[in-house]
Every structure is written in C-alpha cells, then in structure tokens.
Amino acid sequence: MQDATPTPATDPDFQNDVVRNLICRQARYPDIATPQDWYMALAFTVKDRMLESWAASTKTYAEHHVKVACYLSAEFLIGPQLGCNLLSLGLEDEARAAMRALGQDLDALLALEEEPGLGNGGLGRLAACYLDSLATLEIPAIGYGIRYEFGIFDQDIVDGWQVERTDKWLKMGTPWEIVRPDVSFYVCFGGYTQMQTDAQDRLRVQWIPARQVKGVAYDVPIQGYRVNTCNLLRLWKSEAVESFDFEDFNAGDYYQAVEEKVVSETLSKVLYPNDEPDVGKRLRLAQQYFFVSCSLQDMLRLIDISHTPVAHFAERLAVQLNDTHPSIAVAELMRLLVDERQMAWDDAWSITLNTFAYTNHTLLPEALETWGLPLMQNLLPRLLEIIYEINRRFLEEVRNAFPGDEARVARMSLIDEQGEKKVRMAHLASVGSHAVNGVAALHSELLRQTVLRDFADMYPKRFLNVTNGVTPRRFLMLSNPGLASLLDETLGAGWRSDLTRLEALSDYADDVAFQQDWRAIRLNNKAALAGRISQLVGVRIAPEMMFDIQVKRIHEYKRQHLNALYMICLYRRLVRHPDQQAAPRCFIFGGKAAPGYWMAKLMIRLITGIAEVVNRDPVIGGRMKVVFYPDFNVKNGHLIYPAADLSEQISTAGKEASGTGNMKFMMNGALTIGTLDGANVEIRQQVGGDNFFVFGMTAQQVEALKRTGYRPGDYVQVNDELRDAIDQIAAGRFSRGDKALFAPLLDNLLNYDPFLVLADYADYAACQERVSEAWQDQRQWTQMSILNCARSGIFSSDRAIGEYCQHIWQTQKPAPRL
Ligand code: 7GP
C-alpha cells in the first residue's frame, strides 16, 4: 500500500444526530417519518459537520489575510449534494450503517434527492467541478451566482418528442443552503444620471434609478475532499425592496402595491436555456447585472471588514469571469470605485484590470453576447456611460498602437456600429481583464487566431490556455465505487489526491487477472445502467453488448445526426445480412435541446424514430439496440459514464471549445471515437493514437473546404450507404410513414450542412468499423480501456485549478500557522 488519504475518525454521535434532526428540524418521530423526512434529517446531519469545517476555514482565511479567488458564473450545475458530501467527509460507511440501524436504506435516500439544475451544460458543470477542486486544494474561494427558483427544465420524451417540464427543485425545500438576510445589497435599474458636487466640491455622476431590487445571499457549503476546508457558493435571490408600496396600498390599490414585488422577484426566477435562437433579452441582462452587482458589493464588504484599503482590492481578490455572462462586472466595479468610493478613474481602472480574468467557452458567433444600446441605455444608463468612457480611452490606445488603421479600430471597438448598435461583451471582458483564456489548447489557439485576434495582437501576453478538467471525486469515486476500490487495492489510495498517479495502472494493462477484475466491474456498471434503462424506456439490453454512448446537449455542431446516420447504415446492413454476427452494440443518447431550437428537437425525434424501428425489428434481435435516455443531468450521469465502452465526441473540428464529458468517460475507462476538436486532441495525445479512434477533417481542413465552396450533395452521390440512409429517412421509415417530418432536417443537410456532417460521414463510418473490429478482441479492448483510465490524470480539475491559481489568480493555500 502507498500512502492512504486520511479518513476522519469514526463519529459515534452520527446516528443520534440523525434522529435529533428528524425530530427538531423535521418535527417527525421515526415511526411516522417519510423517506423524505429521513433524507432531510440525514442531510442536516451531514451539513452540520460541514459547517464546522466551514467555520474553521473562514477563521483561517481571516487570520491569514489570504487572497480569495471569486468565480463569477451565471451557472453552477452542482448536482446532487448528499453523496458527494458524505464522500468528502469520509462518512459514507458511517451513514450507511446508521441509516440501516434506523431501518432506512442509504441508496434509496440518495435517489430521492432532486439536483439543483442551475446550469445548462458544460459551462455550468465546469464551474461546479472548479468549486470542488478549490475546496479540496484548500484555496480560499467563493463561487458567486444566481439562486434560480426554476433551473434547467426536466425533459420527458412523449411519443418520441422532447417535452419540457418545469424544474421545481425547491418544492420539498433544500437542506443545503443557509439564508443570510443580513448579507443583502440593493441593485439599481433604469432612470437617469446627473452631475452633482460631492462634499469635497468635486463633480460626481449620480445615478437616479427608476427602481431597485434587493439581492439576498443564499450560501451553499462546498466541502473539500478529506480536508478541513469548506468554501462557499453564494447564490443571490432577488427580492422586492419593500414588500408593499404603502402609498399605493393606502390608496386602496393592493394589486399595484404587490406588482413591484412580483417584478423584482422574477429576476432570479428562471434560468435561461442557452442555444436559443434569440434569447428573451431584457430579463437576461437584468439577471446578469443583478448578480454581478451583488457579488462585487459583497467583495467590497469583505475588503472593508478585513480593514483592507480599497486600493488593495486586487491584491486580496481575484475575480474570474465565466464567459461573458458576468462581464458587465468590468463596468460595475468601475462604477463602484469611481462613483461610490470616489476613486480617480486611472486608479480604479488599474484595480479593475488587475482583478479580472476572462474565460471564453465558445467560438460560435451566435453565442457571442451583445446587447443593443437602447436596452443598455434604458436598463443600465450609468453602466453604458462607463462603457463609453472605457471605450474612448481604449480606442485611443488602439490608435496609438496602430496609427491610421481605422478598420482595426472599428473591429475592436466595444460598440458594434454595424446595423443596430450593440455592446460587444467579449470585447468588454477582454479589455477589462489581465488574462484571457480558452478551455483547450486548440480552442485557445483558435481564439487567438479568429474571434479575439486583434486583441491577441495588441495584448499577446494576456492570452493563455487552461485546458478544462473534471472532478474525480464525483465522476470516479462517487459514480464508480467498484473501480475506485480496484484502484485502491492495486495502487494504494494515493491516486485519490493526485490523479496523475493513475499512470501506474499502465503496468497492469496487459495483466490477465487484473483485466478480469476490470471487466467484471465494467459489466456490473453496465448491468446497472441496463436495469435503469429497462425501467425507464422498456428496452432490454444485454450488458455484454458494446455500450456506445453520446450524452451532451443536443446541437447541430455536436452532430448527434452523424451518429444517427451511421445507426441507420448499420441497421440496414444487419437487415440485409440476418446471420451476420457483427459486434452487438447498444447506442445510447441523452441530452436536452433548447426549447426554441427546432432542429435539435427534430434530431431527438430522429433518434427516437430509429429506436422505435430497430428495437422492434425481430430480424435484428440482440445485435443492435437504440436508446434515448430521458432527462440527462448530473445525477443520471453518475450511472451513465461508468457504463460506457465507447464515448462519442464527434463535433465538427473547431466548434467544440473543449468538451468535459469526453474526460469523464475516459476516466471511467471508455474509449473515444472523436474528431480532432477541443480537448479530444489532448486526450489523444495522452493516451496515444493506438488507443483512440480518430476520424474526420481537421479544423484547418474544415475552414479550407468552406472557403472553396462546400457542396454536401456531392458526398451523397458517391456513397451508396449514405444515400440509402437518407432515402430511408425521406421515405418516412423513422417517422411512422410521415414523409414530411424530417424534410427540414434533410433539406438542411443536403443543401447547407453547416457542420459538415456529410463531408465527415464516410470517414466516420470507416472508423466505426475499426471500433467494431477492435471490440472482437476483448483482451486488446480491455487493455486500451485500462490505458485510457491510466492516462486521464491530467484531466482532473485539480490540475486545471492549479494552473488558474498559478498563472492567473496568484492564489494559494494558506500556510499553516506556526
Ligand atoms: C461549453 C463548451 O461548449 C464546451 O466545449 C466546454 O467544455 C464547456 O463550455 C466548458 O468549458 N460551453 C457552454 O456550455 C456554453 O454555454 C456558451 O457556452 C457561452
């Protein structure tokens, strides 16, 4: 055995505390308690233990005058909390035993928990992984976001279609938050600005808002793994400043009086789904400003209570902007420093620049945020003035650096003057930050070459890469306990605190006995997923089949339809050759489509249509199955990632910034079929070309083909199988005879195909053949599987957070006091 991670001593009070909490917090006696009551009592018991380390951490941070990393994000997709917190505290066995003694099954209680769906997908989940790593590495940190009452919608599949249901994650209450009515701030909206002289007879701008909203802090503790550090995620809930407007109320207009309250409270009501063609703009900008302003005011409060002069703000706080959603922070900090703290512009600007850093998560032009000037003027008049002033000074700098280059000035301006004038939020974030990073090597390079090229020219040193990572606590230890124990037995527990130690597994990759254990664990995980699938969608799958999985948001650039086309080809081959024993495969999909993204919804319908036909075809039998797993979320991910043999990462090269699902699959021993896109490139580098199924055009080839004129129809002409698949769809084969249903999808593919599905098809299909061949040799496959896990160490979010701390935030773990 190598070094073991410290486990806390046993906790004799645990069981008593659960009962006490049942009585004192839930007001129920054991005899009549519902499972929900037991869940709450257990969760409170766990939270109380976290609060002890929370208090200790706060004290340490205060005494050490440490620098705090603040992660500003409109999304935190934290997933279910109980299991992870038990794991981090080392109390799993204790809790299991205690609950058993009380007649309860821990797994059943874990299954009851509703996850807070406070994010859409990759970006929100990344933020959650980073909080986990910050706490585990004992870095002082605060996550700042919004406490949406309704998170990402729940997805039902009805008649093959996605149906959205409101996510009521708070309906049973949540045990994981602490309300802080005393930590609350006012946020202004609308109105106008005027000049005014201050006490020192200086001219100052004053913002006379039309209305104010109050933000109240709701804190969620984030426990580090087996350490005495607990950080916090601070989420803001909006409230009316006054519950009633008494004037209206006294005048008898009760409804007018409550209206203000209702409007104010809508600010934190609902999370916007991304990938919408045109998001409902006004409320979204208001949400962004709301949480940013509360967070920055809170940071100033922390500076004040630690008796630090505001001039030292940037030495005490590092603020990361998670994409442009919080980028109005650049202007808001200026406003707070200049207007409210009477600081000179240049001093305030230097603080702002040293404080912020910006992470970009997408190159897709439709996802780059802009806000029309009329809206900005109307909602945030003072902020717009500040943006103009930042821009004026910035453009002066551009003109000095590139004299006579007015085209460049227009390209770089914070204001897009073409058509309806807009503020470009990515420009604001880039100008106001000392560091700008992409989320995988390729993405950071493309960011420098395309979307932010002029900025990289001007400030080359600002640009860097931090490849994403995922937390091995949730996605390996918690989700795949069987594998985690095998790793402990084989390598000792050292890998748990340093994931690069998984590398030592390579020595066992070819070991027959080890391979047997490996396969047994995987088969077990697959059986668990198969059981759940059979319950959910009534499809029975043999765990021995190859589980070929694509789970992620449904989007054209992610190309679930490429996968679908291959399924149709395979199906048709199996029909033509009833006796052919190709590698039996189960294709599993999961993911949500934005409610307003019609093409994505049609892609779901295509997959469910194929499933309907394939799963019922007696000729196919057990050779192929297709499943759409409804409501893919963090919780379902726990079951899915450890059960995958093959991970589908097939986006058009240059479009997927990084991907993080690819890392979760790899860590659990799946092999990847993928393009050279996002972090796939680095995954392949780590694991070696022999252990990765690569196909498709490179980002450069994609651009070249688009430049020279791409004609998707040409690719269909020369590929009989592809033509046949398309004909089958057109003939209504997967739409119960309805020939019109998929016409928009086919029309789009055959005439535009913006993501080059057809151009990459042949190579994808050929690569899938190599996958099937490789599957025939289980010994070889298992070896590749082990090597994938062994080389996944650098994709731990601990590595990523280490890089942020070192290269961007200059933060570290407080040194122990002597
Ligand atoms: C995603 C990217 O699409 C994905 O490639 C990346 O791994 C993830 O962020 C984390 O960096 N982007 C989003 O989820 C998103 O909402 C719009 O981007 C700004």
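Residues numbered from 1 in each chain as written. Predicted model: local features only at pLDDT ≥ 70, side-chain atom pairs only at ≥ 80, totals over all residues.

Basically, it comes down to this: UniProt positions are given in the numbering used here, feature names are shortened, and annotations may be inferred rather than shown by experiment.
Taking an unreviewed UniProt entry as the reference, the protein is identified by name as Alpha-1,4 glucan phosphorylase belonging to Pantoea phytobeneficialis. The UniProt entry for the protein carries this comment under Sequence similarities (unreviewed entry): "Belongs to the glycogen phosphorylase family." Turning to the protein, the UniProt record has this under Cofactor (unreviewed entry): "pyridoxal 5'-phosphate".

Points about the overall build of the protein
Which entries qualify depends on this criterion: Here a helix means four or more residues in a row that DSSP labels H or I, a strand means two or more in a row labelled E, and each is numbered from the N terminus. In this description the radius of gyration comes from C-alpha coordinates, and the expected globular size is given by 2.2 Å times residues to the power 0.38. Every C-beta atom is placed from the backbone, and the number of other C-beta atoms within 10 Å of a residue's own sets its class: buried at 20 or more, exposed at 12 or fewer, partly exposed in between.
Scanning the protein from terminus to terminus reveals 33 helices and 22 strands. Expected size for 818 residues packed as a compact globule is a radius of gyration near 28 Å; at 27 Å, the protein falls within 12% of this value. C-alpha extents for the protein along the principal axes are approximately 90 × 70 × 60 Å. For the protein, with 818 residues in total, the buried portion stands at 49%.

Points about the nonpolar core
What counts here: One nonpolar core equals one set of buried Ala, Val, Leu, Ile, Met, Phe, Trp, Tyr and Cys residues connected by C-beta atoms within 7 Å. Residue ranges for the domains originate in an automatic or database domain assignment. Note that contacts rest on C-beta atoms placed from the backbone: two residues are in contact if these are within 7 Å.
Counting 237 residues, the largest nonpolar core has Leu42, Cys70, Ala329, Ile607 and Ile610 as the members making the most contacts within it. No fewer than three residues from each of domain 1 (65–80 + 115–468 + 803–809) and domain 2 (500–795) sit in this core. If we ignore the near neighbours within four places in the chain, the residues touching Ile610 are Ala564, Met567, Ile568, Val626 and Phe734.

Some thoughts on the site of the ligand
To keep things clear, this is the line we draw: By convention here, the C-beta atom is placed from the backbone, and a residue is near a molecule or strand when that atom is within 6 Å of it. Only Asp, Glu, Lys and Arg are considered charged, only Ala, Val, Leu, Ile, Met, Phe, Trp, Tyr, Cys and Pro nonpolar, and every remaining residue, Gly among them, polar.
Neighbouring the ligand are 18 residues, the closest being Gly122, Leu123, His361, Ala657 and Ser658. The residue makeup of the shell around the ligand, split by class, is 5 nonpolar, 11 polar and 2 charged.

Looking at the packing of helix H11 (residues 329–340) against helix H12 (residues 345–355)
Helix-helix packing: each pair is described by the crossing angle between the helix axes and the interaxial distance. To keep it simple, the criterion reads: To get an axis, fit a line to the C-alpha atoms, keeping to the stretch in contact for a helix; angles then go from 0 to 180 degrees between the N-to-C directions. Angular relationships are summarised with four words: roughly parallel below 35 degrees, roughly antiparallel beyond 145, roughly perpendicular across 65 to 115, and oblique for the angles in between. Note on convention: near helix rotated counterclockwise from far helix by under a right angle means a left-handed crossing. Clockwise means right-handed.
For the pair H11 and H12, the least separation of the axes is 9 Å and the interaxial angle reads 140 degrees. Classified by the interaxial angle, the pair formed by H11 and H12 is oblique. By crossing handedness, the relation of H11 to H12 is classed as right-handed. Counting all contacts with H11, which are made through Val330, Leu333, Met334, Leu337 and Val338, the residues of H12 involved are Trp345, Ala348, Trp349, Ile351, Thr352 and Thr355.

Some remarks on the environment of Gln297
Looking at the element boundaries, Gln297 is found in helix H9 (residues 281–305). Gln297 sits 35 residues away from Glu332 along the chain, and the two C-alpha atoms are 9.5 Å apart.

Points about the sheet that holds strand S2 (residues 141–146)
Test applied: Should DSSP find at least two bridges between two strands, the strands are regarded as paired.
Taken in spatial order, the 9 strands line up as S5-S8-S9-S2-S1-S10-S11-S15-S16 in an open sheet, and their pairing is mixed. One side of each edge strand has no neighbouring strand; the edge strands of this open sheet are strand S5 (178–189) and strand S16 (463–465). With direction set aside, neighbouring strand axes in the sheet form an average angle of 25 degrees. Bridging between strand S1 (residues 68–72) and S2 involves 4 bridges; their strand directions are parallel. Residue pairing for S2: Leu72 is matched across the bridge by Tyr144. Lying over the sheet, H9 contacts S1, S2, S5, strand S8 (211–223), strand S9 (230–240) and strand S10 (317–322), oriented at roughly 120 degrees with respect to S5.

Concerning the sheet that holds strand S19 (residues 624–629)
An order of S19-S18-S17-S20-S21-S22 is seen for the 6 strands of this open sheet, with the pairing classed as parallel. This sheet does not close on itself; its edge strands, each paired only once, are S19 and strand S22 (693–694). Judged from the 2 bridges that link them, strand S17 (residues 546–551) and strand S20 (residues 646–649) form a sheet pairing that is parallel. Among the inter-strand pairings, Asp548 is bridged to a residue of S20, identified as Leu646.

A look at the domain arrangement of the protein
With domains assigned, the protein is organised as domain 1 (65–80 + 115–468 + 803–809) and domain 2 (500–795). Domain 1 and domain 2 are separated by 36 Å when their C-alpha centres are compared. Contacts between the two partners involve 37 residues from domain 1 and, on the opposite side, 33 residues from domain 2. Counting only elements with at least two residues in the side of domain 1 that touches domain 2, the list comes to helix H6 (122–136), strand S3 (154–158), strand S4 (161–165) and helix H17 (441–449). Residues of the side of domain 1 that touches domain 2, tallied by class, amount to 16 nonpolar, 14 polar and 7 charged.

Examining helix H1 (residues 14–24)
Rules: Comment: arc refers to directions from the helix axis out to C-beta atoms.
Within the sequence span of H1, burial applies to Val18, Asn21 and Leu22. Down the axis of H1, the buried side of the element spans an arc of 105 degrees, and every buried residue falls inside it. The outward face of H1, more than 90 degrees from its buried face, is lined by the exposed residues Asn16 and Cys24.

Notes on the UniProt feature "modified residue: N6-(pyridoxal phosphate)lysine" (unreviewed entry) in the protein
Here, the residues flagged by UniProt with the feature "modified residue: N6-(pyridoxal phosphate)lysine" (unreviewed entry) are Lys664. Here Lys664 is in contact with Val470, Phe475 and Tyr641, once residues within four sequence places are set aside.

Quick word on the pairing of S2
Along any regular strand the residues' side chains alternate between the sheet's two faces. Of all 6 residues making up S2, 6 are buried, and the element is well covered by its neighbours. Taken together, the 5 bridges between S2 and S9 define a ladder with parallel strand orientation. Across the sheet, residue Ile142 finds its bridge partner in S9, namely Leu232.

Overview of unusual backbone geometry
Residues apart from glycine generally show negative phi values, whereas peptide bonds are mostly found in trans. With a phi close to 55 degrees, Ala27 is a non-glycine residue in the positive phi region. Structurally, the position occupied by Ala27 is in the loop between H1 and helix H2 (35–64). A positive phi angle, near 50 degrees, is found at Arg736, a position not held by glycine. Take Arg736: it is sitting in the loop between helix H29 (720–730) and helix H30 (743–751).

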